[in-house]
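# What the coordinates show
Single-letter residue listing:
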Amino acid sequence: MPHESGNVNASLEARISITLLNGAGIKCLVDTGFTGALVLPRDFITQNALAIVGRETFKTVDNHEIDADIALAEIEWLGEQQTQRAIVSETDEAMIGTEMLIGTVLTIDYIAASVTITKT
């Protein structure tokens, strides 16, 4: 079965790498409270020449509205090439949300400090 593997870091955050088709990768926080696909830092998007395709308004968990650019990311994910929408972050934080987890099993093992996402 196709799968992705990551780790639980010293701050107890589940992290997994996303790899662009050009080979560039970035470690992402697994955020099950985020219903979108990806959040990627602007610097990463700029360095990899990802296309900005629009701008949207989002509500944060504390009910604030923010405007953010949207980029398209061509990625290798669970053995497939995919195009995913990514919210452009002005911070260094990268995240994957539940849209990336549809049809998968997410396992976070805090004893082994491992993260596995398996396509079912």
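Predicted model, so just to flag it, every value in this text is computed and none were measured.

## Side note on the overall build of the protein chain
- Looking only at helices and strands, the protein chain has one helix and 10 strands in total.
- On C-alpha atoms alone, the protein chain measures out to a radius of gyration of 14 Å, which is about the 14 Å that the 2.2 N^0.38 rule sets for 120 residues.
- Counting only C-alpha atoms and orienting by the principal axes, one finds that the protein chain spans roughly 40 × 35 × 25 Å.
- Within the protein chain, buried positions represent 39% of all 120 residues.
- Contacts in the protein chain between residues at least 24 apart in sequence constitute 54% of all its contacts with a sequence separation of at least 6.
- Surface exposure of the protein chain reaches about 6800 Å², of which carbon and sulfur atoms provide 52%.
- Here the protein chain contributes 7 positive and 17 negative side-chain charges, whose respective centroids are spaced 2 Å apart.

## A closer look at unusual backbone geometry
- Positive phi is not limited to glycine here, since A49 has a value of about 50°.
- Tracing the sequence through the fold places A49 in the loop between helix 1 (42-47) and strand 5 (52-59).
- A relative accessible area of 69% means that A49 is categorised as exposed.

## Points about the environment of I18
- By the element assignment, I18 lies in strand 2 (residues 14-20).
- Note: C-alpha distance between I18 and W77 (59 residues apart in sequence) is 7.3 Å.
- What I18 contacts, discounting residues up to four positions off in sequence, is A24, G25, I26, C28, L38, I75, W77, I96 and M100.

## A closer look at the pattern of salt bridges
- All chains considered together, the criterion is met by seven salt bridges.
- Residue E13 pairs with R15 through a salt bridge whose shortest N-O separation is 3.0 Å.
- We classify E13 as partly exposed; its relative accessible area is 26%.
- Among the ionic pairs, E80 bridges to K119, the shortest N-O distance being 2.4 Å. You can see E80 sitting in strand 7 (residues 80-89) and its partner K119 sitting in strand 10 (residues 114-119), a full 39 residues away along the chain.
- Through salt bridges with shared partners, a single network forms among R42, R55, D69 and E90.

## What to know about the pairing of strand 6 (residues 65-77)
- Here strand 2 pairs with strand 6 via two bridges, running antiparallel. Across the sheet, the residue bridging to L20 is I75, located in strand 6.
- Pairing of strand 5 with strand 6 involves seven bridges; the strand directions are antiparallel. Considered in strand 6, the bridge of F58 is made with I66.

Criteria and cut-off values
- Residues numbered from 1 in each chain as written.
- Predicted model: local features only at pLDDT ≥ 70, side-chain atom pairs only at ≥ 80, totals over all residues.
- Heavy atoms only, no water.
- Helix = DSSP H or I, 4+ residues; strand = E, 2+ residues; numbered from the N terminus.
- Rg over C-alpha atoms; globule rule 2.2 N^0.38 Å.
- Buried < 20%, exposed > 50% of the residue type's maximum accessible area, 1.4 Å probe, protein only.
- Contact = heavy atoms within 4.5 Å.
- Areas by Shrake-Rupley, 256 points an atom, 1.4 Å probe, with all protein chains shown as cover.
- Lys, Arg positive; Asp, Glu negative; His and termini not counted.
- Charge placed at Lys NZ, Arg CZ, Asp CG, Glu CD.
- Salt bridge = Lys/Arg side-chain N within 4 Å of Asp/Glu carboxyl O.
- Pairing = 2+ DSSP bridges.

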